[in-house]
Amino acid sequence: METTSRLGVQGVGAAAQGMPADARRSVDGYLLAAFPWYGLDEAFTGPRWLMQVGAAADGTVEYGSTGHGEEPSLRVETDMDQQRFAVVVTVASRPVRDSADGTGVLEATSVSSAAWLAGSGLLSCTWPTRMERSLRQDWLDQQTAIAWELADDLEGEGWTALSLPVDGVPTDFHYRESEYGWVLAGSARDGVHIGAYGRGMSAYGLGFSVIKDITEYDTDG
């Protein structure tokens with residue numbers, strides 16, 4: 001992994017400190033990115049929707065997610081086994097660089113960064129809602145640590161190889177499944193890394209492509 005500490009990946013995955021919350025949750029934040037966004041290709045004909053972007057302290061957009069299928073819900077009455085969705089995470093490829101405030105160094109992003117964001121994203125929308133409140137944080141902490149360790153060891157036993165089309169070109173991804181869903185991560189040709197996670201939709205038949213018009217994902221627009 002290009003990053004040598006969890007801080008390196010969380011620097012990418014941290015909350016967008018330099019951008020208004022409304023922009024992070026609307027198409028405005030996506031339009032500020034200097035890299036292309038990826039989503040499922042045209043073979044997917046279901047609903048598409050925006051999630052949010054993450055930015056550095058100076059407002060530079062670092063990553064973001066786009067949703068496909070049914071928006072996941074954590075409401076107790078929701079049957080998670082019936083949810084069908086796939087989320088695509090686009091992460092800008094960045095070298096080692098100084099932080100915006102000049103007090104530290106942001107480490108390089110990598111496929112592991114995309115794997116970490118995808119793994120933590122899956123946890124955020126599939127954790128067991130019927131678990132006692134006192135145990136939820138312990139569960140999340142434990143599962144987050146596991147997701148980090150897996151992202152930090154993409155060549156380990158926790159991952160298998162999966163080839164999927166990216167803009168029509170067969171591309172190698174690292175792939176894993178769990179009882180909560182699936183996660184995959186790889187790289188595109190446009191200076192970005194792609195992560196994805198989902199539940200109820202098989203990853204094996206998916207394809208990814210550059211989103212030509214991100215406003216089409218703006219269901220509130």
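Since the structure is predicted, the reported quantities are computational estimates derived from the model, not experimental observations.

Caption draft 1: Summary view of the nonpolar core. Ranked by size, the top nonpolar core spans 32 residues in total, and within it Trp 37, Tyr 38, Leu 40, Trp 182, Leu 184, Phe 208 and Ile 214 carry the most contacts. For this core, the secondary structure elements donating two or more residues are helix H3 (27-31), strand E1 (38-40), strand E2 (48-55), strand E4 (85-92), strand E7 (160-166), strand E8 (169-178), strand E9 (181-187) and strand E10 (192-199). When residues no more than four places from it in sequence are discounted, the contact partners of Leu 40 are Arg 48, His 68, Ala 86, Val 88, Met 201, Leu 206, Gly 207, Phe 208, Ser 209 and Tyr 217. Counting 25 residues, the second-largest nonpolar core is a separate cluster that includes Trp 49, Ala 114, Ala 115 and Val 183.

Caption draft 2: Region of interest: the environment of Val 210. As for its position among the elements, Val 210 is in strand E11 (residues 208-210). Residue Val 210 is classed as partly exposed on the basis of its relative accessible area, which comes to 27%. C-alpha of Val 210 to C-alpha of Trp 37: the two residues are 173 residues apart in sequence and 5.8 Å apart in space.

Caption draft 3: Spatial organisation of the side chain of His 193. Relative to the elements of secondary structure, His 193 occurs in strand E10. Looking at His 193, its side chain comes within polar contact range of the side chain of Ser 187, at 2.8 Å. Not counting the four nearest positions on each side in its chain, His 193 is found in contact with Val 89, Thr 90, Val 91, Ala 92, Ser 93, Thr 109, Ser 110, Val 111, Ala 114, Gly 186 and Ser 187.

Cut-offs used in this document
Residues numbered from 1 in each chain as written. Predicted model: local features only at pLDDT ≥ 70, side-chain atom pairs only at ≥ 80, totals over all residues. Heavy atoms only, no water. Core = buried A, V, L, I, M, F, W, Y, C linked by side-chain atoms within 4.5 Å. Buried < 20%, exposed > 50% of the residue type's maximum accessible area, 1.4 Å probe, protein only. Helix = DSSP H or I, 4+ residues; strand = E, 2+ residues; numbered from the N terminus. Contact = heavy atoms within 4.5 Å. Polar contact = N/O pair within 3.5 Å; in protein donor to acceptor, adjacent residues only side chain to side chain.

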